[in-house]
Amino acid sequence: MKRYINQFLAIFSVEMKALMRQAGQFGFIIFLPFLFSFFTFGIGAGISGSTPSLEIWFYQIIGFTVLTISLIFAESSAWYVRQGLLTGRLEYLLASPTHPLIIVIATALFNSIFALSIFFIVGMIATIIVYGVLKILNFILSIFILTLFLLPMLGINLIIAALTIIAKEPEGIVQPINSIITATSGFVYPITLLPLFLQSLGRSLPFHYAVENVRMTIIEFINLLYLYPLPLLLLYFIAGIVIYRLLEDNFIRKRGTYGW
Amino acid sequence: MAGNIYKKINKIFAEIGRGFALWKSYKIFIISDFISTPFWIYFFILAILIYAQHLLNDKFILTNLMWGLFMFFFISSFLWMGNSIVLVVQQGILENIILTNTKISTHLLGRSVVSVIDVTTGGIILILMAYYTFNLTLYIADPLFFAIFLILAFLFFLFFSTIYSILIVATRSPWIITNILQFIIPFFSGAIPIQMFRGEIANVIIYSPFFYIVGPVVAAATGYYIMDKYLLLILASIMVLIAFLISNYLEKLLIKKALKEGKMSLF
């Protein structure tokens, strides 16, 4: 057990050090939801001819924040695999007796802390601006709701990492998946504005439920009935681990190659 | 003199050839662009129109937004082209470019092939999306001036991305600046026509130099000129000339600094 804890701490601390070296990046990611939401607010204000409601801005900034987190979550493992390969670190990791699940848990925990810190800072500012301190407790509760939904997101993250093993270059895989997730999950507009088949696509992914539940918890209160898809969405997490292990075994370990 | 021109033309063709080779070597990106662009179009249009959902059926607004998106693709693509210089420096290629007496803007011309192909692909997908999903036929109201203004915009952004690349050449995370600028510049450039905005916002946008480059392209496409098109043509040409002179001056300054102090940075 002590060995696993040590392995976990080693991977986690490497990720933390990498983040500390790029503090500007963290600052920029916090700034992104504000940038996007003010951008759409500005154009929206311009074309609607009136000052738009702050509630819509809040709807969008929470959406943009969960979107940013989702995109980081979707591609982080893919980049972890790719950069590990480029720097030769992946080979050392695979050659070492480190259990792959430890790598997954350590990087996932790091990503979760990173994601939740972003959500905490942006969400807190936005909640206070629009609703004052009245909704702070709701907001804190929404952090727990978001944490729950990070698990199925992690599953998708692993599936993308597994696909990167085949395609070699993460960007070509990540871009289309990101665009589908972004457009169909209803982060910054209701998915009812989309054609039916895109609505169905959005509803089959965990991101839609994550953002809707988070927003609903802040604005109203937690609605347990709306959490019903969560057990089903956890299948993404299991599928992610199974698919990743399968491709890792078949491509990297057995054939000793990366890609087709 | 003639030999000099021949050498310059040769360099330009070599760079264009490199650009095509670069584009062909990233097949997965071509496929990925085809899949992702329609989704991004949906996202941008709906993210903006959530503030005025009744305008989703307004052909005038949608036409303008679609052309605005086209210019967003255009500007974004050229900014990333400027951003690519950092990798060129990290790989030690820039020193070789300078040694062969090639201008940075000429080198970027090769990368601009990828940008032009990307923007063209994006434009085609945009037209198809507008027709099949928003029931909107996009046409170019003034094709001749659209082509002229687009060429001027290409030249302007080629020089602008040279200026931009010189300014960010030594930054550690240029993608942060590029990401921000790719949203700010289209907003302040008339990519979304100023007649759609309230007076006070429009009055700010007209002071942006980008307005006299991007605005005319959209105006020629939609047919709504806010001033005489010949006057716009003169203003756009002046902007291109200014961008050329600044990029030339900064490039000389960069090379002078590199030779004198041995560092590839203006600052």
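Residues numbered from 1 in each chain as written. Chains lettered and ligands numbered in written order. Predicted model: local features only at pLDDT ≥ 70, side-chain atom pairs only at ≥ 80, totals over all residues.

### A few points about the overall build of chain B
How we decide: Segments assigned H or I by DSSP are reported as helices when at least four residues long, segments assigned E as strands when at least two residues long, and all are numbered from the N terminus. What the globule rule says is 2.2 Å times the number of residues to the power 0.38, and the radius of gyration is computed from C-alpha atoms. Exposure classes come from backbone-placed C-beta atoms, where a residue is buried if 20 or more other C-beta atoms lie within 10 Å of its own, exposed if 12 or fewer do, and partly exposed in between. Contacts are defined on C-beta atoms placed from the backbone: any two residues whose C-beta positions lie within 7 Å are in contact.
The helix and strand inventory of chain B stands at 11 helices and 0 strands. For a compact globule of 267 residues, the expected C-alpha radius of gyration is about 18 Å, and chain B comes in at 19 Å, within 12% of that figure. On the principal axes, the C-alpha backbone points of chain B span a range of 60 × 40 × 40 Å. Taken across its 267 residues, chain B has 41% of its residues classed as buried. Long-range pairs, those at least 24 residues apart, make up 82% of the contacts in chain B with a sequence separation of at least 6.

### Here we look at the overall build of chain A
Looking only at helices and strands, one finds 10 helices and 0 strands in chain A. In chain A, the order of α-helices and β-strands from amino to carboxyl end is α-α-α-α-α-α-α-α-α-α. Relative to the globule expectation of 18 Å for 260 residues, the C-alpha radius of gyration of chain A, 19 Å, shows essentially globular dimensions. When burial is assessed residue by residue, chain A has 40% of its 260 residues classed as buried. Excluding contacts between residues fewer than 6 apart, the proportion of contacts in chain A whose partners are at least 24 apart in sequence is 79%.

### Observations regarding the interface of chain B and chain A
Note the following rule: Just so you know the grouping, Ala, Val, Leu, Ile, Met, Phe, Trp, Tyr, Cys and Pro go in nonpolar, Asp, Glu, Lys and Arg go in charged, and all remaining residues, Gly too, go in polar.
Taken together, the contact pairs 27 residues of chain B with 27 residues of chain A. Counting residues per element, the ones that place at least two in the side of chain B that touches chain A are helix 2 (27-49) and helix 8 (174-187) of chain B. The leading source of residues in the side of chain B that touches chain A is helix 2 of chain B, at 12 residues. For the side of chain B that touches chain A, a count of residues per class yields 23 nonpolar, 3 polar and 1 charged.

### Notes on the confidence of the model for chain A
Inclusion rule: pLDDT measures the predictor's confidence residue by residue and takes values from 0 up to 100.
For chain A, the average pLDDT comes to 82, and 91% of its residues sit at 70 or higher. Put simply, helix 4 (residues 89-95) of chain A is where chain A has its lowest mean pLDDT, 72, and helix 8 (residues 196-203) of chain A is where it has its highest, 93.

### Side note on the nonpolar core
Soluble globular proteins tend to pack their nonpolar side chains together in the buried interior. Cut-off, in case you're wondering: Remark: nonpolar core denotes a set of buried Ala, Val, Leu, Ile, Met, Phe, Trp, Tyr and Cys residues whose joining runs through C-beta atoms within 7 Å.
One finds Met71(B) and Phe156(B) to be the most contacted residues of the largest nonpolar core, which totals 137 residues. Not counting the four nearest positions on each side in its chain, Met71(B) is found in contact with Pro186(B), Ala191(B), Val214(B), Val217(B) and Val218(B).

### Here's the deal with the packing of helix 3 (residues 59-83) of chain B against helix 10 (residues 211-222) of chain B
All names here are of chain B. Stated formally: As a rule, the C-alpha atoms of each element are fitted with a line to give its axis, helices using only the stretch in contact, and angles between N-to-C directions run from 0 to 180 degrees. With respect to orientation, any angle under 35 degrees is reported as roughly parallel, any angle over 145 as roughly antiparallel, any angle of 65 to 115 as roughly perpendicular, and every other angle as oblique. Whether a crossing is left-handed or right-handed is set by the direction in which the near helix is turned from the far one by less than a right angle, anticlockwise for left-handed and clockwise for right-handed.
Following both chains from N to C, one finds helix 3 and helix 10 inclined at 140°, their axes separated by 10 Å at the closest point. Taken together, the axes of helix 3 and helix 10 are oblique relative to one another. Judged by the twist between their axes, the crossing of helix 3 over helix 10 is right-handed. Residues Thr63, Asn64, Trp67, Gly68 and Met71 of helix 3 form the contact with helix 10, whose participating residues are Val214, Val217, Val218, Ala221 and Thr222. Across the contact of helix 3 with helix 10, the residue classes break down as 6 nonpolar, 4 polar and no charged.

### Description of the environment of Leu163(A)
All names here are of chain A. Residue position: leucine 163 is located in helix 6 (residues 136-167). Owing to 19 C-beta atoms within 10 Å, leucine 163 belongs among the partly exposed residues under this scheme. Each C-alpha atom of the pair leucine 163 and glutamate 248 lies 9.9 Å from the other, and the pair is 85 residues apart in sequence.

### Concerning the environment of Trp175(B)
If you trace the backbone, Trp175(B) turns up in helix 8. Measuring from C-alpha to C-alpha, the distance between Trp175(B) and Ser84(B) comes to 9.4 Å, with 91 residues separating the pair along the chain.

### Description of unusual backbone geometry
All names here are of chain B. Positioned with a positive phi, asparagine 135 is a non-glycine residue whose angle comes to about 55°. Its place among the elements puts asparagine 135 in the loop between helix 6 (104-133) and helix 7 (143-168). According to the C-beta neighbour criterion, asparagine 135 is exposed, with 10 such atoms within 10 Å.

### Describing the packing of helix 3 of chain B against helix 6 of chain B
All names here are of chain B. Two numbers describe how helix 3 lies on helix 6: the axes approach to 9 Å, and their chain directions differ by 160°. The pairing of helix 3 with helix 6 is recorded here as roughly antiparallel in orientation. Here the hand of the crossing between helix 3 and helix 6 comes out right-handed. Where helix 3 approaches helix 6, its residues Met66, Leu69, Phe70, Phe73, Phe74, Ser77, Phe78 and Met81 are matched on the opposing element by Leu108, Arg111, Ser112, Ser115, Asp118, Val119, Gly122, Gly123, Leu126 and Ala130. Its residues assigned to classes, the contact of helix 3 with helix 6 shows 11 nonpolar, 5 polar and 2 charged.

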